[in-house]
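Reading the structure
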Amino acid sequence: YVPPQGYLKRLREICDKHGILLIFDEVITGFGRLGTAFASDHYGVQPDMLNFAKAVTNGVIPLGGVVCTDRIYNAMMGAHGSAPDHAIEFFHGYTYSGHPVSCAAAIATLDLFREEKLFERAGEMGPVLGDAMHSALKGLPNVVGIRSYGLAAAVELAPLAGQPGKRAFDVFMDCYHRGVLVRNAGDNLVFAPPFIVERAHIETMVGTLADAIKRGQ
Ligand SMILES: Cc1ncc(COP(=O)(O)O)c(C=O)c1O
């Protein structure tokens with residue numbers, strides 16, 4: 001769900017006042033989806049920690065990471081590098097830590113993001129997706145909410161009595177059989193298309209979703 005205007009800034013102030021750490025989960029918003037590198041940049045709010053995954057390798061090779069402030073780093077590692085050389089930052093025994101193929105995929109992805117100005121492109125296509133969702137889905141049966149932000153959008157359906165998630169699952173399957181992959185989450189159907197998406201793709205995606213919702217029970 002999209003935070004109300006000013007919500008994250010206020011949250012930052014409250015956290016600062018009470019000494020609470022603020023963590024942004026940027027697994028979906030990180031690396032361009034809002035038209036900026038991170039949602040943190042978009043909102044002008046700096047968290048204490050930020051985690052990312054998916055887009056850093058274009059979602060094709062598993063890789064995730066955590067970024068933190070100096071304050072947290074120093075608390076873990078000792079200020080001014082006082083920790084011994086063999087100490088490892090945020091040590092945890094991941095089997096695939098620092099996997100060379102994943103890291104190579106991330107470096108190649110970041111190069112393409114820069115060369116093809118894909119963050120800017122995501123920022124431009126976001127309103128195209130948002131407008132398409134609102135105009136095609138508004139007023140359809142069982143639609144209780146439509147929301148979009150950056151190049152991500154969702155429609156929420158009223159749940160079937162006693163079967164939460166079933167209505168959206170059926171719509172997901174209907175779209176799937178017609179060649180459109182939409183993510184179902186509870187009774188929401190969510191689109192977060194690749195940054196190279198074109199207007200014609202968006203029309204097909206949203207049109208197929210609208211038809212499936214109309215056919216649904
Ligand atoms: C916002 C968000 N955070 C975290 C995750 C889980 O990420 P991972 O599978 O890399 O742990 C997801 C997965 O879809 C997500 O959408």
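Structure: see above.
No experiment lies behind these values; they were computed from the predicted model shown. (Residues numbered from 1 in each chain as written. Predicted model: local features only at pLDDT ≥ 70, side-chain atom pairs only at ≥ 80, totals over all residues. Heavy atoms only, no water.)

Read across the sheet, three strands follow the order β1-β2-β3 without closing on themselves; strand pairing throughout is mixed. Only two strands of the sheet have a single partner each, and these edge strands are β1 (23-25) and β3 (65-68). On average, adjacent strands in this sheet sit at an angle of 15 degrees to one another, irrespective of strand direction. Bridging between β1 and strand β2 (residues 49-52) involves three bridges; their strand directions are parallel. (Pairing = 2+ DSSP bridges. Helix = DSSP H or I, 4+ residues; strand = E, 2+ residues; numbered from the N terminus. Axes fitted to C-alpha atoms, helices over the stretch in contact; angles between N-to-C directions.)

The nonpolar side chains of a soluble globular protein tend to be buried, and buried together. Counting 40 residues, the largest nonpolar core has M133, V155, L189, L209 and I213 as the members making the most contacts within it. Of all the elements in the fold, those that place two or more residues in this core are β2, α4 (100-115), α5 (118-137), β5 (153-157), α6 (166-177), β7 (188-191) and α7 (199-215). For this core, the element with the highest residue contribution is α5, accounting for nine residues. Counting only domains with at least three residues in this core, you end up with domain 1 (7-115) and domain 2 (118-215). Look past the residues within four positions of M133 in its chain and what remains in contact with it is K138, I146, A153, A154, V155, F191, V206 and L209. Judged by nonpolar contacts, the second largest core, of eight residues, contains C15, F24, L34 and A39. (Core = buried A, V, L, I, M, F, W, Y, C linked by side-chain atoms within 4.5 Å. Buried < 20%, exposed > 50% of the residue type's maximum accessible area, 1.4 Å probe, protein only. Domains from an automatic or database assignment. Contact = heavy atoms within 4.5 Å.)

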